[in-house]
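Residue-level structural notes
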Amino acid sequence: MFSLLFALFLAVSAENPVCQSRFDIEENLYKSVALHSDDISVRRNYLKKFGQCITEEGIRIIEERNIVIVEELDCSDSLEGIEFFFRNKKLCSRSVTFFPSKKVFAMKKSGEIKSLPENWKHIDSPETMLFYDSTAKFAENSDIFGQILTKSADGIFTDHLGKPVHPEFIYTNGNWEKVFPLRELFYLNVAKDNTFEVKIITENRLSYEKKELFELLGLKADSTEEPFFFPSSVSLKGTGLKGIRIPKTEYISDKENDFGIYRISLSYPDLQEKNSMISRNRDYEIEIVSSNGKLEATLTVFSKKLTSDDALNIRILLNREIPAFFVHAAK
């Protein structure tokens, strides 16, 4: 009988007038949230007063006095919560996050969405949820922080300083969209007359010395133009290509995140044709397309960070399918 009454209390408590308008009755709490939204003591004070209102597992989002309130109840993986308790013999946690004056924000995906304020919408990715007010105005090509970004033809996003950035979401053509920025590219195109073009985009350090760059690539040719350098990338052209090293895939574990696109694109006479293929799981996709003297391998990483097993499998597959060198066959 106790459990029935307890469940009834939980169901009714959310309809309590106290739960319907948080800040109308708590002016001091409202001021604290507006001024110190990230302060853990403010969040705990909110839960002390309104934790009883958070009764349904999942995420509930409300908006009061231009402050978005994200309330969460989790009984499956409660270690990241703020307030802990047992419910039906399971450890549960409640938590709350505030977004004052925000019309768009992203947060880690952690549960089912139970409610949204009117006019608010959301976009899901494997690990992130974007929430935005569909009635608000946003600048074209802006990220969630309000930066106006530029996207190159290759798919690189840069900020107003020309620095490469890696947004997950962009506002474009009147909508918020999930995007996958280009992170790495090796492009080699060799024509029948042996003129060639190389383009490299990388997050690793690139030497701005021509000799060091050519040694890194193992590049040998009759003549080359001066390399053209720009942030995190280089391109060059030349004639009479004798040989060049095609970079092997390695995994750098200390990067902040991995999501985005990594591509190797090769085109030259006598390129051995391979079977096209797609390998995909929840966290990444590898697509290899091969035909008519061209081979393109594209890795798209959906998750923030790859597991060590995924990174190893990707490295093995790409290094198996991608040639290690281009060597001109003299005729």
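Residues numbered from 1 in each chain as written. Predicted model: local features only at pLDDT ≥ 70, side-chain atom pairs only at ≥ 80, totals over all residues. Heavy atoms only, no water.

As for the pattern of salt bridges
Under the criterion given, the structure shown has 22 salt bridges. As a salt-bridge pair, R60 and E71 come within 3.7 Å of each other at their nearest N and O atoms. With R60 in strand β1 (residues 58-64) and E71 in strand β2 (residues 67-74), this pair connects stretches of sequence that are 11 residues apart. A relative accessible area of 32% places R60 in the partly exposed class. In this structure, K178 engages E168 in a salt bridge whose closest nitrogen and oxygen atoms are separated by 3.0 Å. Here K178 is found in strand β13 (residues 175-178), whereas its partner E168 is found in the loop between β11 (164-165) and β12 (169-172), with 10 residues between them in sequence. Each member of the salt-bridge network shares a partner with another, and the members are R22, R60 and E71. (Salt bridge = Lys/Arg side-chain N within 4 Å of Asp/Glu carboxyl O. Helix = DSSP H or I, 4+ residues; strand = E, 2+ residues; numbered from the N terminus. Buried < 20%, exposed > 50% of the residue type's maximum accessible area, 1.4 Å probe, protein only.)

Topic: the layout of surface pockets
The space that makes up the largest pocket amounts to roughly 800 Å³. Along the walls of the largest pocket sit 31 residues, with E184, N204, P247, K248 and E250 positioned nearest its centre. Going through the elements one at a time, β14 (182-190), β15 (196-201), α5 (210-217), β19 (260-267), β22 (294-301) and α6 (308-321) are the ones with two or more residues in the lining of the largest pocket. Ranked by residues supplied to the lining of the largest pocket, first place goes to α6 with 4 residues. Looking at the lining of the largest pocket residue by residue, the class counts come to 19 nonpolar, 3 polar and 9 charged. Of the voids in this model, the second largest pocket is the one considered here, and its volume is about 590 Å³. If you go around the second largest pocket, you meet 24 residues; those closest to its centre are H166, P167, E256, N257 and F259. Mapped by element, the contributors of at least two residues to the lining of the second largest pocket are β5 (104-108) and β11. Taken together, the residues of the lining of the second largest pocket sort by class into 11 nonpolar, 5 polar and 8 charged. (1 Å grid on protein atoms, 1.4 Å probe; cavity = no way out; pocket = protein on both sides within 12 Å on 5 of 7 lines; lining within 4 Å. Points joined across faces, edges and corners; volume = space filled by probe spheres on them. Nonpolar A, V, L, I, M, F, W, Y, C, P; charged D, E, K, R; others polar.)

Section: the nonpolar core
The biggest cluster of nonpolar side chains holds 34 residues, and the ones touching the most others in it are F186, L188, I244 and L266. Elements with a contribution of two residues or more to this core: β14, β15, α5, β18 (233-245), β19, β21 (284-291), β22 and α6. Every residue in contact with I244, bar those within four places of it in the chain, is listed here: F186, L188, V198, L217, G218, L219, F325 and F326. Core analysis: the next-biggest nonpolar cluster, separate from the first, contains 21 residues, L29, I62, I82 and V96 among them. (Core = buried A, V, L, I, M, F, W, Y, C linked by side-chain atoms within 4.5 Å. Contact = heavy atoms within 4.5 Å.)

Section: a nonpolar patch on the surface
Taken together, the side chains of F84, F86 and L91 present a nonpolar region at the surface, about 330 Å² in accessible area. Summarising the element assignment, L91 is placed in strand β4 (residues 90-100). For L91, a relative accessible area of 36% translates into the label partly exposed. (Patch = residues over 30% accessible without salt bridge, like charges linked within 9 Å, V, L, I, M, F, W, Y side chains within 5 Å. Areas by Shrake-Rupley, 256 points an atom, 1.4 Å probe, with all protein chains shown as cover.)

Some remarks on helix α4 (residues 40-50)
For α4, the set of buried residues is V42, R43, Y46, L47 and F50. Axial view of α4: buried residues confined to an arc of 135°, hence all on one face. With respect to the buried face of α4, the exposed residues turned more than 90 degrees away are R44 and K48. (Arc of directions from axis to C-beta.)

Let's talk about the state of the cysteines
Counted under the stated rule, the structure contains 2 disulfides. Here C19 connects covalently by a disulfide to C53, the sulfurs 1.9 Å from one another. Here the S-S torsion is close to -75°, and the disulfide linking C19 with C53 is therefore left-handed. Linking C19 in helix α2 (residues 17-20) with C53 in the loop between α4 and β1, this pair joins segments that are 34 residues apart in sequence. You'll find C19 and C53 in the same group, each marked buried. The disulfide bridge from C75 ends at C92, spanning 2.0 Å between sulfur atoms. Its S-S torsion of about 110° marks the bond between C75 and C92 as right-handed, since a negative value means left-handed. Of this pair, C75 sits in the loop between β2 and β3 (83-87) while C92 sits in strand β4; the two residues are 17 residues apart in sequence, bridging distant segments of the chain. (Disulfide = S-S within 2.5 Å.)

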